[in-house]
Amino acid sequence: MRQVTDATFETDVEKGSGFILVDFWAEWCGPCRQIGPVLEELDAELGDKITITKINIDENPTTPTRLGVRGIPTLMLFKDGQVVSTKIGALPKSQLQKWLESNI
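Note that the structure is predicted; figures quoted are calculated from it, not measured.

**Q** Even after reading the chapter, I still don't get the environment of Thr8, so can you show me in this structure?
**A** When you line up the elements, Thr8 lands in helix H1 (residues 6-14). Separated by 2.9 Å, the side chain of Thr8 and the backbone nitrogen of Thr5 make a polar contact.

Following this line, the structure appears as structure tokens:
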């Protein structure tokens, strides 16, 4: 899984092509740590269809503020630089996978 920052977000995500999932998270967030391993598994399973990235909101406050992220974990799915779907909160792997597969 790739880490993105305020400095790289535009290039890596908004100017990226294909499907890119961004996980907005923080070190202190329990549910964020809970879905981390699930996202790792999905990255391994769906890696040819989607790029999964993470952005730490404490270290990179500009991007989540600009995109209106209010709670974490927030997962935003981008396609060719545009947000196509958003999920807030930790979900079980089966639900996350179903959500991703229905959008890609």
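Next comes the rest of the description.
**Q** Is there a simple way to explain the sheet that holds strand E5 (residues 82-88) in this structure?
**A** Ordered in space as E1-E3-E2-E4-E5, the five strands form an open sheet in which the pairing is mixed. If you trace the sheet from one side to the other, it starts and ends with strand E1 (2-3) and E5, each paired once. As defined by bridge partners, strand E2 (residues 19-25) adjoins strand E4 (residues 74-79) across six bridges and the pair is classed as antiparallel. Its bridge partner being in E4, Phe19 is matched across the sheet by Lys79. Sitting on the sheet, helix H2 (residues 30-46) touches E2, strand E3 (50-56) and E4, and the angle it makes with E3 is about 155 degrees. Sitting on the sheet, helix H4 (residues 93-103) is in contact with E2, E3, E4 and E5, with an inclination near 20 degrees to E4.

**Q** Please explain the state of the cysteines as it appears in this structure.
**A** Two cysteines form a disulfide when their sulfur atoms are joined by a covalent bond. Summed over all chains, the structure comprises one disulfide. Between the sulfur of Cys29 and that of Cys32 lies a disulfide, 2.3 Å long from S to S. Taking the sign of the S-S torsion, about 80 degrees here, the bridge from Cys29 to Cys32 comes out right-handed. Cys32 gets classed as buried once you look at its relative accessible area, which sits at 2%.

**Q** Please clarify how the side chain of Gln97 should be interpreted in this entry.
**A** The residue Gln97 is located in helix H4 in this model. Residue contacts for Gln97: discarding those within four places in its chain leaves Leu42 and Glu45.

**Q** Would you mind going over the packing of aromatic side chains with me for this structure?
**A** Between two aromatic rings, the relevant description is the distance of the centres plus the angle of the planes. A full pass over the atoms with the stated rule returns two aromatic pairs. When the ring of Phe9 is compared with that of Phe24, the centres are 6.4 Å apart and the planes differ by 45 degrees; the resulting orientation is tilted. Residue Phe9 is found in helix H1, and its partner Phe24 is found in strand E2; the two are separated by 15 residues along the sequence. Assessed through its relative accessible area of 0%, Phe24 is described here as buried. Ring centres of Phe9 and Phe78 lie 5.8 Å apart, and the angle between their planes is 75 degrees; this geometry places the pair in the edge-to-face category. Linking Phe9 in helix H1 with Phe78 in strand E4, this pair joins segments that are 69 residues apart in sequence. Members of the aromatic cluster, each reached through a chain of ring pairs, are Phe9, Phe24 and Phe78.

**Q** How should H4 be read in this particular structure?
**A** Along an α-helix, residues three or four apart share an orientation, since each turn contains 3.6 residues. Those residues of H4 that sit buried are Leu96, Gln97, Trp99 and Leu100. Taken around the axis of H4, the buried residues stretch over an arc of 160 degrees, which confines them to a single face. Counted as exposed and oriented over 90 degrees from the buried face of H4: Ser94, Lys98 and Ser102. The inward-facing, buried residues of H4 abut E2, H2, E3, E4 and E5.

What counts, and at which threshold
- Residues numbered from 1 in each chain as written.
- Predicted model: local features only at pLDDT ≥ 70, side-chain atom pairs only at ≥ 80, totals over all residues.
- Heavy atoms only, no water.
- Helix = DSSP H or I, 4+ residues; strand = E, 2+ residues; numbered from the N terminus.
- Polar contact = N/O pair within 3.5 Å; in protein donor to acceptor, adjacent residues only side chain to side chain.
- Pairing = 2+ DSSP bridges.
- Contact = heavy atoms within 4.5 Å.
- Axes fitted to C-alpha atoms, helices over the stretch in contact; angles between N-to-C directions.
- Disulfide = S-S within 2.5 Å.
- Buried < 20%, exposed > 50% of the residue type's maximum accessible area, 1.4 Å probe, protein only.
- Phe/Tyr/Trp six-rings, centres within 6.5 Å; stacked < 30°, edge-to-face > 60°.
- Arc of directions from axis to C-beta.

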